[in-house]
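Inside the fold
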Amino acid sequence: MSSSPLSKKRRVSGSETNTGSHCSSANSVRTELSHTPANGMAKNGNEAEIDEGLYSRQLYVLGHEAMKRMQCSNVLISGMRGLGVEIAKNVILGGVKSVTVHDSGNAEWRDLSSQFYLREEDLGKNRAETTQPRLAELNSYVPVAAYTGVLSEDYLAQFQVVVLTNSSLEEQLRIGDLCHSKGIKLIIAETRGLFGQLFCDFGEEMLVFDSNGEQPLSAMISMITKDSAGVVTCLDEARHGFESGDYVTFTEVQGMTELNGCQPLEIKVLGPYTFSICDTSSFTDYVRGGIVSQVKMPKRISFKNLSGSMADPEFLVTDFAKFDRPGQLHVGFQALHNFEKKHSRLPKPWSQADADEVLALTRTVNDGLSGSAKLEQLDEGLLKKLSFLSAGDLAPVNALIGGVAAQEVMKACTGKFMPIMQWLYYDALECLSEDEGVTLTEEECAPRNCRYDGQIAVFGSKMQELLGKQRYFLVGAGAIGCELLKNFAMIGLASAEGGEIIVTDMDTIEKSNLNRQFLFRPCDVTKMKSETAAAAVKQMNPAVRITGHQNRVGPDTERIYDDDFFEGLHGVANALDNVDARMYMDRRCVYYRKPLLESGTLGTKGNVQVVIPFLTESYSSSQDPPEKSIPICTLKNFPNAIEHTLQWARDEFEGLFKQPAENGMQYLTDPKFMERTLKLPGAQPLEVLEAVYKSLVTDCPKSWEDCVAWARNHWQCQYSNNIRQLLHNFPPEQLTSSGAPFWSGPKRCPHALEFDTNNELHMDYVVAAANLYAQTYGLEGSTDRAGVVRILESVKVPVFTPKSGVKIHVSDQELQSANSSVGERAYDSRLEELKTLLPSSDNLSRFKLCAIEFEKDDDSNFHMDFIVAASNLRAENYDIPPADRHKSKLIAGKIIPAIATTTAAVVGLVCLELFKIVQGHTKLESFKNGFMNLALPFFAFSEPIAAPKHKYYEKEWTLWDRFEVKGLQSSGEEMTLKQFLDYFKNEHKLEITMLSQGVSMLYSFFMPQAKLKERLDLPMTEIVTKVSKKKLGKHVKALVFELCCNDDTDEDVEVPYVRYTIR
């Protein structure tokens, strides 16, 4: 999520001479790395460790094996214009062994419209040499070299992957044949204005280890038949999710044990809970249990070389509404190469004469083709546009094609995910004027020797002026935020008088951000994201007017982001990481009627949604289904998956180190704590006060030794005593009322653990738990394991005997009904007893408790140490395979996997929608919501859903409409409630039955007469302040009222909200 040009002071090594380059040959420049890079790790290579602190989020996308393969790959990227630098940026962030950037050309004005590491003072200098030191700062593990010579056979032999972005067709064919014969993987990428092309050739035979990157599925088994094709039936808790052709293996099957640990078997899906496998007729009879798990099988794929694939192309369709375009563009791009060879230049922007010649050349190319590449008919309009725009160079198109191409580089290096087979063509012609009759003139689009020449070539100079005057609010400066800012700077958004970008983000930069938030450097860690990102893009384009804020968006900041602020904006771009903030910004944009650009990523998946006032639905109009939660009884007593034990460990963390300390401090400092607690529902008051009593009295440690003793006893309670009690209630051989084994299906029979100081995991738990417990009481901890063992020798662990009469709930329904019938007498007496036992806050006035907030990314704070140990010990109780720290962090920390390639591509699509908004497009079909999964690879575009229409009487309305009511009347008096009700009755023939503002009910037809009489003559704002018990801020110009109404037939009708203006 970053892209920054590096200033001298931002250079990792500190000074121009250090990062700068010394020439090792006439044509080559390289950044020399010291043995330990700035982020503290050894150089890449076969023996290299992976820096999980840096690559954490990407590791969850690619996995360790793929990352190791990537760290053995040397990559050459030829052509350092906008597309080349985008690919290089993403590949370097990804962490290959080395990157060499190649270009023999010098920087020109048109390069600056998208090459974010070139500046005006670099004009006339070699593009590769100028860009190299700035790229080298992105990742200190990846050496970056610059090369300006000829791409000879000998030179290319040192690379595993070669990328060409700015080569002639002859050069492409020469290098294509060479790479194919030598087993070097080749990617060719080109952009021409609003058009893009991508080609992959990864050799005669390539192994794809994982074609989609999804987690292997698993399911619990209820039955397996003996048959020529045995049928496996899964428990009906959830669909198995397998597809025919998948491979599976089995574990824990009782009876038909031949299947346990078998070689992967191919399956045929018969239904959502059933599938067939091999011949099981000779196997032992199935008894019960078993888990079936998907196995990822390597796939062999084969590529044609460039010349063979040009004649007989296979296309990946990016937009099914443009199904016939790839074939047309395949021939058109060849014609452009021929034009450039003939004239030593590209067609002039919007030149009719050059377009006619390109069309004639396309006919010649097509006539010379045989096989599937030959077209029956040319799309003359499309090919002319290809010629008109071919001199253009747009940052968003480069971001999209560059993101996709960089992902293909990673596929070539790792065999992870399915490569593009073999051609991808893309166009965004909807960005041009909606009026088909409008064509720009050569004069409007001619070069002006300015940094936007590459963009003016496509859209003309008037559009550039419009872009410069835009005022945009960017919410978030993380991965998507950094990429958006880079694109905004390149396209010249807010670069003229009156324009401004306001970016807000309250977060500081962390090490794990550096892998994809490319505007940030190691020296920026702990600085504010918004300010750092704003400074970085000012280096890319000094004309951009940008202001960084550190505010969270929400009701608390509506004094800052008020009516004046929003009314002065042209639009909003979200770069958020949570749904609540997205929905809040969506509501603000609907209220102020501002366009909203919404996007998000999850690993290799990305989506873009554009929200246009009066045209489309809003972000909140459709929602994902809620995430499935784990039943409480599964967590407490019957886990069957590592996800269950990790969630249990997270709950333990909160319940041991956060909530008791919070409640204890509230008890000591808040006089109303007891009153509030006693009002809680069910058994909660007793639970809270018991916890406070324990933390302040019975379990309050005085020393480190006390903390170790507490941790040891807690271990005993959770991993031995509680399990023994559970097995006392439900012995291993217990049967249910229907005669089936109690411990079967999803219920795994546990066993108690015996504590052993020689067991690493047992000691991990005690050390982490004791240190965290010490922190909550402000005591000094220790990591001296030998010292902890000595303390443990003297810890007395009470002998435990399982008790009869202890109730253990088997289902959540049973638990709820038990909670609703708490034994009142015993409950009340214990509550009263606790009130007297609790020490008074005066006696403990100096006592301090520190609640610990879970932080997954600090490996020195014991948080993940505790989670991993607590979860894996419980997994051992239930014979669930344990999870390593990396996987545990993903699940317990609810980490969103992320990779720079997807972010870059998604943001490219966002900025193409921005072009349409700035031009004022009004047709629904002009806009494109997009979805992509770079792993598959898959792209889908659709026009946004129109805003749903509602009706009262004959009046149609959508979510963008509202009633405008002026609160202040001509007399200067404010409208009363009675006048408000009468206004709707007389003006709109609507009888208001209920009226609310936020959560405050201002009026309802069933309101007591006395209250109604009192309110009818009060001004509306007075009623609002009275009911809400909050004063209206001076920044509030209008209030929003929600109405329930009846029409003149007394029928309930749905109506828009009211904007009630008060100032």
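Quick caveat: nothing in here was measured; it's all calculated off a predicted structure. (Residues numbered from 1 in each chain as written. Predicted model: local features only at pLDDT ≥ 70, side-chain atom pairs only at ≥ 80, totals over all residues. Heavy atoms only, no water.)

What the protein contains, in helices and strands, is 34 helices and 37 strands. Computed over C-alpha atoms, the radius of gyration of the protein comes to 33 Å, within 12% of the 31 Å expected from 2.2 N^0.38 for 1063 residues, which places it in the range of a compact globule. With respect to the principal axes defined by its C-alpha atoms, the protein has extents near 95 × 90 × 65 Å. A buried classification covers 56% of the 1063 residues belonging to the protein. Long-range contacts, defined here as pairs at least 24 residues apart, represent 74% of the contacts in the protein between residues at least 6 apart. Approximately 45700 Å² of the protein is accessible, and the part contributed by carbon and sulfur atoms is 50%. Of note, the protein has its 113 positive side-chain charges centred 3 Å away from the centre of its 140 negative side-chain charges. (Helix = DSSP H or I, 4+ residues; strand = E, 2+ residues; numbered from the N terminus. Rg over C-alpha atoms; globule rule 2.2 N^0.38 Å. Buried < 20%, exposed > 50% of the residue type's maximum accessible area, 1.4 Å probe, protein only. Contact = heavy atoms within 4.5 Å. Areas by Shrake-Rupley, 256 points an atom, 1.4 Å probe, with all protein chains shown as cover. Lys, Arg positive; Asp, Glu negative; His and termini not counted. Charge placed at Lys NZ, Arg CZ, Asp CG, Glu CD.)

Turning our attention to the packing of helix 12 (residues 395-414) against helix 31 (residues 900-919). Closest axis-to-axis distance for the helix 12/helix 31 pair is 7 Å, and the angle between their directions is 160°. In terms of their interaxial angle, helix 12 and helix 31 are classed as roughly antiparallel. The way helix 12 lies across helix 31 gives a crossing that is left-handed. Of helix 31, the residues touching helix 12 (which contributes Pro396, Val397, Ala399, Leu400, Gly403, Val404, Ala406, Gln407 and Met410) are Thr901, Ala904, Ala905, Gly908, Leu909, Cys911, Leu912 and Phe915. Residues belonging to the contact of helix 12 with helix 31 are distributed by class as follows: 13 nonpolar, 4 polar and no charged. (Axes fitted to C-alpha atoms, helices over the stretch in contact; angles between N-to-C directions. Parallel < 35°, antiparallel > 145°, perpendicular 65-115°, else oblique. Left-handed = near helix turned anticlockwise from the far one by under 90°. Nonpolar A, V, L, I, M, F, W, Y, C, P; charged D, E, K, R; others polar.)

Ordered in space as 14-13-17-11-12-16-15, the 7 strands form an open sheet in which the pairing is antiparallel. Each of the sheet's edge strands pairs with one partner strand only, and the pair in question is strand 14 (265-266) and strand 15 (268-271). As paired strands, strand 13 (residues 247-251) and strand 17 (residues 291-295) are joined by 5 bridges and run antiparallel to one another. By the bridge assignment, Phe250 is partnered in strand 17 with Val292. (Pairing = 2+ DSSP bridges.)

For any two helices packed against each other, the geometry is given by the interaxial angle and the distance between the axes. Running from amino to carboxyl end, helix 24 (residues 704-729) crosses helix 29 (residues 863-877) at an angle of 15°, the nearest separation of the two axes being 11 Å. When the axes of helix 24 and helix 29 are compared, the pair comes out roughly parallel. As helix 24 packs across helix 29, the resulting crossing turns out to be right-handed. In this structure, helix 24 contributes Trp715, Gln718, Tyr719 and Ile723 to the contact, and helix 29 contributes Ala870, Leu873, Arg874 and Asn877. For the contact of helix 24 with helix 29, the per-class residue count stands at 5 nonpolar, 2 polar and 1 charged.

So, about helix 7 (residues 169-182). The end-to-end C-alpha distance of helix 7 is 20 Å, a good match for the 20 Å that 14 residues give at a rise of 1.5 Å each. Regarding helix 7, the residues found buried are Leu169, Gln172, Ile175, Gly176, Leu178, Cys179 and His180. Its buried side turned inward, helix 7 meets helix 6 (153-156), strand 7 (161-164), strand 8 (185-192), strand 9 (195-201), helix 8 (306-311) and helix 9 (325-343). Looking at the residues trailing helix 7, positive phi occurs at Gly183, about 75°. (Expected span 1.5 Å × (residues − 1).)

What follows covers the pattern of salt bridges. Going through the model one piece at a time under the given rule, you end up with 66 salt bridges. Measuring nitrogen to oxygen at the nearest pair gives 3.1 Å for the salt bridge that ties Lys182 to Glu153. A residue pair is termed long-range when its members are at least 10 positions apart, and Lys182 in helix 7 and Glu153 in helix 6 qualify at 29 residues. Since its relative accessible area comes to 51%, Lys182 is described here as exposed. Three or more residues are tied together by salt bridges with common partners; here these are Arg81, Asp103, Glu108, Arg110, Asp111, Arg127 and Asp393. (Salt bridge = Lys/Arg side-chain N within 4 Å of Asp/Glu carboxyl O.)

Once that is clear, we can look at the side chain of Gln294. Of note, Gln294 is situated in strand 17. Non-local contacts of Gln294, meaning those with residues more than four positions away in its chain, are made with Gln215, Pro216, Leu217, Phe242, Asp246, Tyr247 and Val248.

Because side chains alternate across strand 7, one face comprises the buried residues Val161 and Val163, and the other comprises Val162 and Leu164, equally buried. Pairing of strand 4 (residues 74-78) with strand 7 involves 4 bridges; the strand directions are parallel. Looking at strand 7, one finds that Ser78 is bridged to Leu164. Sheet analysis places strand 7 next to strand 8, joined by 4 bridges and oriented parallel. Bridged to Leu164 within strand 8 is Ile188.

It is worth spelling out the environment of Asn861 at this point. Inspection of the secondary structure assignment puts Asn861 in the loop between helix 28 (824-837) and helix 29. Overall, Asn861 belongs to the buried group, its relative accessible area being 11%. Spatially, the C-alpha atom of Asn861 lies 45 Å from that of Gly568, the residues being 293 residues apart in sequence. Beyond its immediate sequence surroundings of up to four residues, Asn861 is in contact with Leu772, Gln775 and Glu855.

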